Amino acid sequence: MSSFISGGGGRRRAVLAVPAALVVLVTALGASGCSSGSPAGKPARTAPSPASSAYRRWGLDAPLAAPPAPPARKLTDGMKPGDAPKVVRRVETADKVVFLTFDDGAEKDPEFVRMAEDLKLPFTMFLTDAIARTGRGYGYFEQLRDGGNTVQNHTLSHPDLRTLGPDAQRREICGQQDVLAERFGVRPWLFRPPYGDYDDATLAAAGGCGVKAVVLWEETMQINDMRYAQGGALRPGDIVLAHFRGPSELKGTTMTRMVSNMLRSVQRQGFTVARLEDYV
């Protein structure tokens, strides 16, 4: 450039104008997302944000699809105090969604908290007091609740309720209602009977304790896939039962690995996960 500048004033002025033009051009290219190393007309490749690649961290091949907008009216809308609770095995919906539920509360894996946060995973927790309060206690489930998920009732001590009389059933159900309301500030409105077993006394006790729906399930999560109630495949509105379990109960598999297996199966079948409480 120095030999070019020495040729005279007119040429000097022309050459000095070039860097200014380049500054303008480079600024414009930067604003448009292009770089000198990109093919013409194509945006520069940028590193993915942590959120966009979080699904890979947890063993998924693609992000979870966002669920559709929830229905304008939920199943329990319009119920009055003391009404017999509705028994829900699956949700009637045309949406290609399923609902994940986790029972008991034995395993308190901090990695699952990170997984749920990274994936923005909706699910419902049905906790049993005698199990959930052990180890790290309810503080663990408070972390999961703070991510937008709810804590619901699974009795105080996990008995087969059909073996108990009406008063004992009421103590099991209402007692856990009181424990969870005091701990989390919200009285549960969903209840899952242990083993899925209930009778008329169960429904009467649950309704009297403020429960609006008794939630059962269609699928159960195994270590590598689900056990299906009908047809060997998911259907819209199916409720999936899983548990807070760790390697000692999962043949060395972690809870996060179990959940990633479940989510991959959900995705392969063309479904996504929605929040049960938005429908029930």
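Keep in mind that what you see is a predicted model, and the values were worked out from it rather than measured.

### Focus: the overall build of the chain
Across its full length, the chain holds 9 helices and 10 strands. A separation of at least 24 residues holds for 71% of the contacts in the chain among residues at least 6 apart in sequence. Looking at the chain as shown, the accessible area adds up to about 14300 Å², and 54% of this sits on carbon and sulfur atoms.

### Thoughts on the side chain of Thr-272
Note on placement: Thr-272 falls in strand 10 (residues 272-273). Residue contacts for Thr-272: discarding those within four places in its chain leaves Leu-64, Ala-65, Ala-66, Pro-67, Lys-96, Val-97, Val-98 and Val-266.

### Quick look at the state of the cysteines
A complete count under the given rule lists 1 disulfide for this structure. In this model, Cys-174 is linked to Cys-209 through a disulfide, with the two sulfur atoms separated by 1.5 Å. With the S-S dihedral at roughly -70 degrees, the linkage between Cys-174 and Cys-209 falls on the left-handed side. Highlighted residues: Cys-174 in helix 7 (residues 166-184) and Cys-209 in the loop between helix 8 (200-208) and strand 6 (213-215), separated in sequence by 35 residues. Each member of the pair, Cys-174 as well as Cys-209, is classed as buried.

What counts as what
- Residues numbered from 1 in each chain as written.
- Predicted model: local features only at pLDDT ≥ 70, side-chain atom pairs only at ≥ 80, totals over all residues.
- Heavy atoms only, no water.
- Helix = DSSP H or I, 4+ residues; strand = E, 2+ residues; numbered from the N terminus.
- Contact = heavy atoms within 4.5 Å.
- Areas by Shrake-Rupley, 256 points an atom, 1.4 Å probe, with all protein chains shown as cover.
- Disulfide = S-S within 2.5 Å.
- Buried < 20%, exposed > 50% of the residue type's maximum accessible area, 1.4 Å probe, protein only.

Scope: geometric values only; no functional claims are made or implied.
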